[in-house]
Amino acid sequence: MTPLLSPSELEQRLRRIGAERYHNLHPFHKLLHGGRLTRGQVQAWALNRYYYQSCIPLKDAALMSRVEDPAIRREWRRRLVDHDGEAEGEGGIARWLALTDGLGLDRAYVVSTRGILPGTRFAVEAYVRFVRERSLLEAIASSLTELFSPAIISERVSGMLAGYDFVSENTLAYFNARLTQAPRDSDFALAYVKREARTPERQQAALDALTFKCDVLWSQLDALHYAYVSPGHVPPGAFVPAEAGRS
């Protein structure tokens, strides 16, 4: 049988998953942050990532609908406000649209999600469905990729500002708020998982949930790399960068 881990041992195992499987290790990530993509490839990344960002509140609302403890609901509700804002034009989704605006993408086209890759759609919808259908422990554990996001955000902002003359600090303003939001959210989720995963089976379920979430993020970059880097097979109906049509 799998031995019961102490809370600190469980945290170590969770962090090891991030060290081995987080998408900062993906080749597309390294190209993006290394300033080695074209403007069109960066546009494709921002366009597809919008679908993920726009579905995060759906995921969080689905999770909250199953929480009986009002204290947990109050804590989780912050995530909805962070992404949706308190009013039109506020919140993380609005800031992501400012990013796609700054990259020269038509906002109506971005919001329509008509140009996203099938792989993006399948991965994101699988994540929302996972949170809606699996146990509350698994749903919360799947959010723990936020443990690893501050480091990737710092790398992303500095690398993109250094590597691309078509981005600015204003374009990348979305990431400023996440530097404080992500640690706050992950601290709460980690404490919950360490407290509630009290059997070997529940601990393994939490570890598997975080692995699944890492796979969701990784597969999105797989789709981008395949379509826009190598071999460069863009699916029918998906976004085609302007430079791809030049002879």
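Just so it is clear, the model here is predicted, and its values are computed rather than measured.

S.K.: Describe in detail the overall build of the protein chain, supporting the description with residues and values.
M.R.: For the protein chain, the count of helices and strands is 11 helices and zero strands. Each helix (α) and strand (β) of the protein chain, taken in turn from the N terminus, gives the series α-α-α-α-α-α-α-α-α-α-α. Its C-alpha radius of gyration of 18 Å places the protein chain within 12% of the 18 Å reference for a compact globule of 247 residues. Here the C-alpha coordinates of the protein chain stretch approximately 60 × 40 × 35 Å along the principal axes. When burial is assessed residue by residue, the protein chain has 52% of its 247 residues classed as buried. The contacts of the protein chain with a sequence gap of at least 6 include a subset with a gap of at least 24, amounting to 79%. When the accessible area of the protein chain is evaluated, it comes to approximately 11400 Å², of which 52% is carbon and sulfur surface.

S.K.: Mind laying out the packing of aromatic side chains, listing which residues take part and the relevant values?
M.R.: All chains considered together, the criterion is met by nine aromatic pairs. Considering the side-chain rings of W45 and W96, the 5.5 Å spacing of their centres and the 65° angle between planes classify their relative orientation as edge-to-face. A residue pair is termed long-range when its members are at least 10 positions apart, and W45 in helix α3 (residues 39-64) and W96 in helix α5 (residues 91-102) qualify at 51 residues. For the pair W45 and W96, one class covers both residues: buried. Here F130 and F212 contribute two aromatic rings whose centre-to-centre distance is 4.4 Å and whose plane-to-plane angle is 15°, an arrangement assigned as stacked. Residue F130 is found in helix α7 (residues 118-133), and its partner F212 is found in helix α11 (residues 200-228); the two are separated by 82 residues along the sequence. In this structure F212 comes out as partly exposed when scored by relative accessible area, which is 25%. A network of ring pairs unites the aromatic residues W45, W96, Y174 and F175 as a single cluster. Cation over ring: R79 sits above W76, and NZ or CZ is 3.7 Å from the ring centre.

S.K.: An account of the packing of α7 against α11 is requested, with residue identities and associated values reported.
M.R.: Running from N to C, α7 and α11 point in directions that differ by 165°, and their axes come no closer than 8 Å. As far as their axial angle goes, α11 and α7 are roughly antiparallel. The two elements α7 and α11 meet at a crossing, and its hand is left-handed. Residues G119, T120, A123, V124, A126, Y127 and F130 of α7 form the contact with α11, whose participating residues are A209, F212, K213, V216, S219, Q220 and A223. Classifying every residue of the contact of α7 with α11 by side-chain character gives nine nonpolar, four polar and one charged.

S.K.: How would you explain the layout of surface pockets if you had to name every residue and give the values?
M.R.: Here the largest pocket is characterised by a volume of approximately 160 Å³. Around the largest pocket sit H83, D84, A87, E88, G89, E90, I93, A94, L97 and R107, which together line it. Taken together, the elements giving at least two residues each to the lining of the largest pocket come down to α4 (70-84) and α5. Looking at which element gives the most residues to the lining of the largest pocket, the answer is α5, with three residues. Here the lining of the largest pocket is composed, by residue class, of four nonpolar, two polar and four charged.

S.K.: I'd like a description of the packing of α3 against α7, backed by residues and values.
M.R.: Where α3 contacts α7, the two axes come as close as 9 Å, and the packing angle between them is 10°. Looking at the two axes, α3 sits roughly parallel to α7. Together, N48, Y51, Y52, C55, I56, K59, A62 and L63 of α3 and T120, R121, V124, E125, Y127, V128, V131 and R132 of α7 make up the contact between the two elements. For the contact of α3 with α7, a count of residues per class yields 10 nonpolar, two polar and four charged.

S.K.: I'd love a proper account of empty space enclosed by the protein, names of residues and values included.
M.R.: Empty pockets left among the atoms are what a rolling probe the size of a water molecule brings to light. The tally for this structure, following the rule as stated, stands at three cavities of 30 Å³ or more. Here the largest cavity defines a volume of roughly 310 Å³. What lines the largest cavity is a set of 24 residues, among which R49, Y52, E146, S149 and R178 lie closest to the centre. It is α3 that provides the largest number of residues to the lining of the largest cavity, a total of six residues. Its residues assigned to classes, the lining of the largest cavity shows 10 nonpolar, six polar and eight charged. By volume, the second largest cavity is sized at about 120 Å³. Forming the boundary of the second largest cavity are 13 residues, of which W45, R49, Q220, L221 and L224 lie nearest the centre. Among the secondary structure elements, those contributing two or more residues to the lining of the second largest cavity are α2 (27-33), α3 and α11. For the lining of the second largest cavity, the class distribution of residues is six nonpolar, five polar and two charged.

Cut-offs applied
- Residues numbered from 1 in each chain as written.
- Predicted model: local features only at pLDDT ≥ 70, side-chain atom pairs only at ≥ 80, totals over all residues.
- Heavy atoms only, no water.
- Helix = DSSP H or I, 4+ residues; strand = E, 2+ residues; numbered from the N terminus.
- Rg over C-alpha atoms; globule rule 2.2 N^0.38 Å.
- Buried < 20%, exposed > 50% of the residue type's maximum accessible area, 1.4 Å probe, protein only.
- Contact = heavy atoms within 4.5 Å.
- Areas by Shrake-Rupley, 256 points an atom, 1.4 Å probe, with all protein chains shown as cover.
- Phe/Tyr/Trp six-rings, centres within 6.5 Å; stacked < 30°, edge-to-face > 60°.
- Lys NZ or Arg CZ within 6 Å of the ring centre and 35° of its normal.
- Axes fitted to C-alpha atoms, helices over the stretch in contact; angles between N-to-C directions.
- Parallel < 35°, antiparallel > 145°, perpendicular 65-115°, else oblique.
- Left-handed = near helix turned anticlockwise from the far one by under 90°.
- Nonpolar A, V, L, I, M, F, W, Y, C, P; charged D, E, K, R; others polar.
- 1 Å grid on protein atoms, 1.4 Å probe; cavity = no way out; pocket = protein on both sides within 12 Å on 5 of 7 lines; lining within 4 Å.
- Points joined across faces, edges and corners; volume = space filled by probe spheres on them.

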